[in-house]
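So you can see what is in the structure, the chains are spelled out below.
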Amino acid sequence: MGLDARDYMRREGPRWGGPRSWSITTRIIVANVVIWFIYALAFNGGRPTALFLFMEEYLALHPDDVFGRLRVWQPFTAMWLHNPTSISHIFFNMLFLYFFGRVVERMLDRRSYLTLYLGGGALALLAMVPLSAMTPIRSAVGASGAVYA
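The structure displayed is predicted, hence computed values, not measured ones.

Cut-off values and rules
Residues numbered from 1 in each chain as written. Predicted model: local features only at pLDDT ≥ 70, side-chain atom pairs only at ≥ 80, totals over all residues. Heavy atoms only, no water. 1 Å grid on protein atoms, 1.4 Å probe; cavity = no way out; pocket = protein on both sides within 12 Å on 5 of 7 lines; lining within 4 Å. Points joined across faces, edges and corners; volume = space filled by probe spheres on them. Helix = DSSP H or I, 4+ residues; strand = E, 2+ residues; numbered from the N terminus. Expected span 1.5 Å × (residues − 1). Bend = angle between axes of the 7 residues up to and from the residue. Contact = heavy atoms within 4.5 Å. Axes fitted to C-alpha atoms, helices over the stretch in contact; angles between N-to-C directions. Parallel < 35°, antiparallel > 145°, perpendicular 65-115°, else oblique. Nonpolar A, V, L, I, M, F, W, Y, C, P; charged D, E, K, R; others polar. Buried < 20%, exposed > 50% of the residue type's maximum accessible area, 1.4 Å probe, protein only. Arc of directions from axis to C-beta. Core = buried A, V, L, I, M, F, W, Y, C linked by side-chain atoms within 4.5 Å.

1. Here we look at the layout of surface pockets
At step 1: A volume near 150 Å³ is recorded for the largest pocket.
At step 2: What lines the largest pocket is simply Ile 29, Val 33, Trp 36, Phe 37, Ile 87, Ile 90, Phe 91, Met 94 and Leu 95.
At step 3: If you list the elements that add at least two residues to the lining of the largest pocket, you get helix H1 (24-43) and helix H5 (88-107).

Next up, the structure:
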């Protein structure tokens, strides 16, 4: 009896199915890393480009602007940005998501998992709006709230 005759040794489907076969966790990690690279390259080593200034102004969370200027999308977009000067912020967020996100994704269906991730991130960043009245928070970025949700 060869190894191929055993159920647990058979490979189901193609060896590499491409992005369509990726889990939601993998897609989220890839999206975060790609956006971080764009953001970091736009930062240009301390000489911000127009793209960086646009991303910082409109996509990062500025607590006073969410309701003051009606930029209500910022709690959703800020979770995709990470500190462009340090890789540790995104590295540890994505490492935590890789290990724990896959487990949670298996427990929930894809839609529920994605709702948990996006909703948790948006709520965590939205909580920064009233907190900014008590602390000097000018802007916030990161997926920590989404990852920990």
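So much for the structure itself; the text now carries on.
2. Quick notes on H5
At step 1: Over its 20 residues, H5 extends 28 Å from the first C-alpha to the last, a length consistent with the 28 Å expected when each residue adds 1.5 Å.
At step 2: At Phe 100, H5 shows its strongest bend, of approximately 35 degrees.
At step 3: On its buried face, H5 sits against H1, helix H6 (110-126) and helix H8 (144-148).

3. Some words on the packing of H5 against H6
At step 1: The N-to-C vectors of H5 and H6 enclose an angle of 135 degrees; their axes lie 10 Å apart at closest approach. When the axis of H5 is compared with that of H6, the two are oblique. Two secondary-structure elements touch here, H5 through Leu 97, Gly 101, Val 104 and Glu 105 and H6 through Arg 110, Tyr 113, Leu 116 and Tyr 117.
At step 2: Classifying every residue of the contact of H5 with H6 gives five nonpolar, one polar and two charged.

4. Quick notes on the packing of H1 against H6
At step 1: It is at 10 Å that the axes of H1 and H6 come closest, and there the two elements cross at 35 degrees. Residues Ile 24, Thr 25, Arg 27, Ile 28 and Asn 32 of H1 form the contact with H6, whose own contacting residues are Arg 110, Tyr 113, Leu 114 and Tyr 117.
At step 2: Looking at the contact of H1 with H6 residue by residue, the classes come out as five nonpolar, two polar and two charged.

5. Some words on H1
At step 1: If you check H1, its first and last C-alpha atoms are 28 Å apart, about what 20 residues at 1.5 Å a residue would give, namely 28 Å.
At step 2: Buried within H1 we find Ile 24, Thr 25, Ile 28, Ile 29, Asn 32, Trp 36, Tyr 39, Ala 40, Ala 42 and Phe 43. Looking straight down H1, one finds its buried side chains confined to an arc of 160 degrees; they lie on one side.
At step 3: On its buried side, H1 packs onto helix H2 (50-59), H5 and H6.

6. Considering the nonpolar core
At step 1: Formed by 21 residues in total, the largest nonpolar core has its most connected members in Met 94, Leu 97 and Tyr 117.
At step 2: Only H1, H5, H6 and H8 provide two or more residues apiece to this core.
At step 3: When residues of this core are assigned to their parent elements, the largest contribution, five residues, is made by H1.
At step 4: If sequence neighbours within four positions are ignored, Met 94 has contacts with Ile 29, Asn 32, His 82, Ala 143 and Val 147.
At step 5: Counting seven residues, the second-largest nonpolar core is a separate cluster that includes Tyr 39, Ala 42, Ala 60 and Leu 81.

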